[in-house]
Each structure stands twice: as C-alpha cells, then as structure tokens.
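Below, each chain spelled out in residue letters.
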Amino acid sequence: ITANGGAGVNGEQGGGSGGSIYVTAGVLSGSGSFRADGGAGVTSGGGGGGGRIAVYYGDGAGFSGFTASTANGGSGSQTGSKGTVAFFDTSFADPWFYTYQNFVFPQDSTIQYTGMTIDSGATLTIGGGSIVNLTEAFTVAGNSTVFLEGKNTTSQVEPTFSRVACRTCVGEAF
C-alpha cells in the first residue's frame, strides 16, 4: 500500500508530504510493504515530510514486509523529516508495539503495551512526562536508538542535559 507525496512540478516547489495509512487485519501475510514517503523538491524546494503508518494485526507470521515499510522524508534542497511507522500485534491482551523505522510519543503520553520492540536501525522517541507500562519485554535491537526526553528543554539542568539517549545493539531485553 502506497501513500507517497508528489514531487514538486515547477520552479522551486517543495515536495508533498507522505499520506496516512491505517490498516486493521486479522491476518497480515505476503511480501509487500507499506510506504508513505515524502515527495522530492524541485530546484531549491525542500523534500516533503514522511507520512504516518499504523498497522494492527492479529497474526503477522506470514508477512515479510515489516522492515521494508517506510515513511521517509523526500529529497530536495533540504531533506524532509521522517514520518512514523508502527505495527501493533493485537494477539496479546494489550498489543505488542513494533517499529522498524521511526516513531514518536509526545510529552505526557500514557503508553500501555504487552511489550515493545525497536529494531533494524529504528528510532523511538518518548516525550518527557510519559508513563510506559509494559507487562513483558522492552527490546532494542539492530543498532536502534531510544530517546527519553525530559520536559525541561528550555532551561539547563546540568551542563549538557536536554535529552537522554539509550542505545543497545545486541538485542537485549531490559
């Protein structure tokens, strides 16, 4: 499924942003992917930002397109920002959250899942003041990064603090 933004067409136009894809399925199977990439800018126009992808499924064992699904920013004089891509396995009492590219929870979010997996070079950002409730594992693998943001980003608490990055590359659960 594709919902990509269009390219700029004349002069110095920026690319269009990627669209939104929202899917619910009992069984997710096949080798396809989901794409909501931003369009390319023309001449000095910037690239469009990536869109949003959310896929809820009960059985994804036969699907091989998780890591191929993208919401990349488009090219241009300035590359557009990445959008968000998340998969939710609903076979658990609370879904299991997966991201293989980029996902952002805003400040003061209440996050309730059975588990979370961030993999394949993905970036997960959790806004300051958020509460994360997991009944099982939180796994960061495949050179992925998790940012735990503070709410106080305008005043200096310590010499360099404004956000904390946690990284593991060996697939450990913590």
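Right, let's walk through the structure included here. These figures come from a predicted structure and were not determined experimentally.

**Quick look at the sheet that holds strand β7 (residues 115-118)**
Link 1 in the chain: Sheet architecture is open: 6 strands sit in the order β1-β2-β3-β4-β7-β10, paired in mixed fashion. For this open sheet the edge positions go to β1 (20-30) and β10 (138-140), each flanked by a neighbour on one side alone. Strand-to-strand twist of the sheet, defined as the mean angle between neighbouring strand axes without regard to direction, takes the value 15°.
Link 2 in the chain: Where strand β3 (residues 84-89) and strand β4 (residues 96-99) come together, 3 bridges link them in antiparallel fashion. Residue pairing across strands places Phe88 opposite Phe97, the latter belonging to β4.

**A few points about the nonpolar core**
Link 1 in the chain: Leu28, Phe34, Ile53, Val55, Tyr57, Phe66 and Phe87 are the most contacted members of the largest nonpolar core, which totals 17 residues.
Link 2 in the chain: Listed by contribution, the elements that provide at least two residues to this core are β1, β2 (52-63), β3 and β4.
Link 3 in the chain: Sequence-distant contacts of Leu28, that is, excluding residues within four places in its chain, are made with Phe34, Val55, Tyr57, Asp59, Gly60, Gly62, Phe63 and Phe66.
Link 4 in the chain: Judged by nonpolar contacts, the second largest core, of 16 residues, contains Phe103, Phe105, Met116 and Ile126.

**Description of the pattern of salt bridges**
Link 1 in the chain: By the definition in use, this model includes 1 salt bridge.
Link 2 in the chain: Note that Lys151 is salt-bridged to Asp108, the shortest N-O span being 3.0 Å. Remark: Asp108 occurs in the loop between β5 (102-105) and β6 (110-113) and Lys151 occurs in the loop between β11 (144-149) and β12 (163-168); sequence separation between them is 43 residues.
Link 3 in the chain: The class for Lys151 is partly exposed, based on a relative accessible area of 46%.

**Quick look at unusual backbone geometry**
Link 1 in the chain: Despite not being glycine, Ser120 shows a phi value in the positive range, around 65°.
Link 2 in the chain: Relative to the helices and strands, Ser120 is located in the loop between β7 and β8 (123-126).
Link 3 in the chain: Residue Ser120 is classed as partly exposed on the basis of its relative accessible area of 38%.
Link 4 in the chain: If you check the backbone angles, Asn143 has positive phi at about 65° while not being a glycine.
Link 5 in the chain: Position of Asn143 relative to the elements: it lies in the loop between β10 and β11.

What counts, and at which threshold
- Residues numbered from 1 in each chain as written.
- Predicted model: local features only at pLDDT ≥ 70, side-chain atom pairs only at ≥ 80, totals over all residues.
- Heavy atoms only, no water.
- Pairing = 2+ DSSP bridges.
- Helix = DSSP H or I, 4+ residues; strand = E, 2+ residues; numbered from the N terminus.
- Axes fitted to C-alpha atoms, helices over the stretch in contact; angles between N-to-C directions.
- Core = buried A, V, L, I, M, F, W, Y, C linked by side-chain atoms within 4.5 Å.
- Buried < 20%, exposed > 50% of the residue type's maximum accessible area, 1.4 Å probe, protein only.
- Contact = heavy atoms within 4.5 Å.
- Salt bridge = Lys/Arg side-chain N within 4 Å of Asp/Glu carboxyl O.

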